[in-house]
Amino acid sequence: MTFASFGLPVPIAKGIRAAGLTEPTAIQSKAIPVIMQGNDIIGVAESGSGKTGAYLIPLLSRFLDRSIRLRGIILVPTRELAAYVETRARDYARFTDLKIGVVYTGSPLAAQERQLRDEPIHLLVATPGRLLELHARGVLNFADVEILVIEEGDRTVGLGLAPDVRKLLKLLPETRQTLLFTLTMPPELNRLAKEALVEPVRVDVAPIAARPAAGITQAIYPVPRELKFDLLDDLLSRTEVRSTILFTRPAPPRSGWRASSSATATRSRCSTSIRTRASASARWTICVAGVCRSWWRARRPRAASTWRARRTWSTSTSRRRRRTTSTVSAAAAGPTRWATRSRS
């Protein structure tokens, strides 16, 4: 099967070829005809299987000759996925006049609001929370929405976004077409699917046993704690390693890492632009889970010394409080030997 067998519009087919796609993947071969027929669908497939193209290609084909109004919404759980989906949509629609937008939490709300007011769009990629915010401010009108896509449904409910999705379902037209794509179907997602979809067609191409995507090699290195950094230094020094992402708990990396000019660090509170620049410019990207004070303060000596001073003050204060409490407790217990010495 080829993309030509789907009867796609010429501009969309041209954009697909320009994006480097030659043959549809398994999920695309099964899902695209179902979506183009107007049916709701549950697509179950692993990451890297082509799920994004499976819903973007029919959506863009459907909106090609429509007036510029918000026709489709793609809900994604994270801002990174939102940026990726928008990029792919622009790739496929590069030879058309379709307008595509993206909004997500972590970026200035006013700027996104101004952009949507100034330029109408056909397709919007969004995180649920930011979409609700923009609708509450009167920026978006859902009256003409024809298709809703819920991407990575299992991760969406896993991050606690199901209540926001349910709020959006009440705001969207009941006659819409709804597409759900996921890797697994946890109970909460099953309940959400029953509320959102009407007689969906299930397309399942996920493997029975979980396994890494093609081209991914997994390895586990049992190593004592004191040798972890030495092992990691050896792995990163290999010439075949061109780019690396390290996920670590909020613990301070050793000084050799901090001094390296080829490493940069990000954390969950960083803006999307900072994390994008970090990933693009550095050979090593240290992704710190949560807030790592010692790591960030170590990059700024003045702040580090201030933090250490505060920590010392806090520790000494706690000791004085414990000492005072012990003295009061001993005095209340009676004239013991220790209490007599304290009074003297």
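Residues numbered from 1 in each chain as written. Predicted model: local features only at pLDDT ≥ 70, side-chain atom pairs only at ≥ 80, totals over all residues. Heavy atoms only, no water.

Draft legend 1. Quick look at the sheet that holds strand E7 (residues 201–204). The strand order E3-E4-E2-E5-E6-E1-E7 describes an open sheet built from seven strands, whose pairing is parallel. Both outer strands of the open sheet, strand E3 (100–103) and E7, are each paired with one neighbouring strand and no more. Neighbour-to-neighbour, the strand axes of the sheet open up by a mean angle of 15 degrees, direction not taken into account. Note that strand E2 (residues 72–75) and strand E4 (residues 123–126) share four bridges and pair parallel. Paired with glycine 72 across the strands is leucine 123, a residue of E4. (Pairing = 2+ DSSP bridges. Helix = DSSP H or I, 4+ residues; strand = E, 2+ residues; numbered from the N terminus. Axes fitted to C-alpha atoms, helices over the stretch in contact; angles between N-to-C directions.)

Draft legend 2. A look at the pairing of E2. Residues Gly72 and Ile74 of E2 are buried on one face, and the alternating residues Ile73 and Leu75, pointing to the opposite face, are buried as well. Judged from the four bridges that link them, E2 and strand E5 (residues 147–150) form a sheet pairing that is parallel. If you follow leucine 75 over to E5, its bridge partner there is isoleucine 150. (Buried < 20%, exposed > 50% of the residue type's maximum accessible area, 1.4 Å probe, protein only.)

Draft legend 3. Molecular detail of the packing of aromatic side chains. Per the stated rule, a full pass over the model turns up two aromatic pairs. Geometrically, the ring pair formed by phenylalanine 3 and phenylalanine 6 is edge-to-face, given 6.2 Å between the ring centres and 70 degrees between the ring planes. The exposure class assigned to phenylalanine 6 is buried, which follows from its relative accessible area of 11%. Between tyrosine 55 and phenylalanine 181 the ring centres are 5.3 Å apart and the planes differ by 45 degrees, which places this aromatic pair in the tilted class. Of the two residues, tyrosine 55 is situated in helix H3 (residues 51–63) and phenylalanine 181 in strand E6 (residues 177–182); the sequence distance between them amounts to 126 residues. The pair formed by tyrosine 55 and phenylalanine 181 is uniform in burial state, with each residue classed as buried. Here the guanidinium or amino end of lysine 14 rests over the ring plane of phenylalanine 95, the centre of that ring lying 4.5 Å away. (Phe/Tyr/Trp six-rings, centres within 6.5 Å; stacked < 30°, edge-to-face > 60°. Lys NZ or Arg CZ within 6 Å of the ring centre and 35° of its normal.)

Draft legend 4. Main features of the nonpolar core. Residues Tyr55, Ile74, Leu123, Leu179 and Phe181 are the most contacted members of the largest nonpolar core, which totals 38 residues. Elements that contribute at least two residues to this core include exactly helix H1 (10–18), helix H2 (26–36), H3, helix H4 (79–92), E3, E4, E5 and E6. A per-element tally of this core places H3 first, with seven residues. Residues contacting leucine 179, with those up to four places away along its chain left out, are Ile35, Asn39, Ile41, Tyr55, Leu59, Ile147, Leu148, Val149 and Ile150. Of all hydrophobic cores here, the second largest spans 32 residues; its members include Leu116, Ala126, Leu140 and Leu168. (Core = buried A, V, L, I, M, F, W, Y, C linked by side-chain atoms within 4.5 Å. Contact = heavy atoms within 4.5 Å.)

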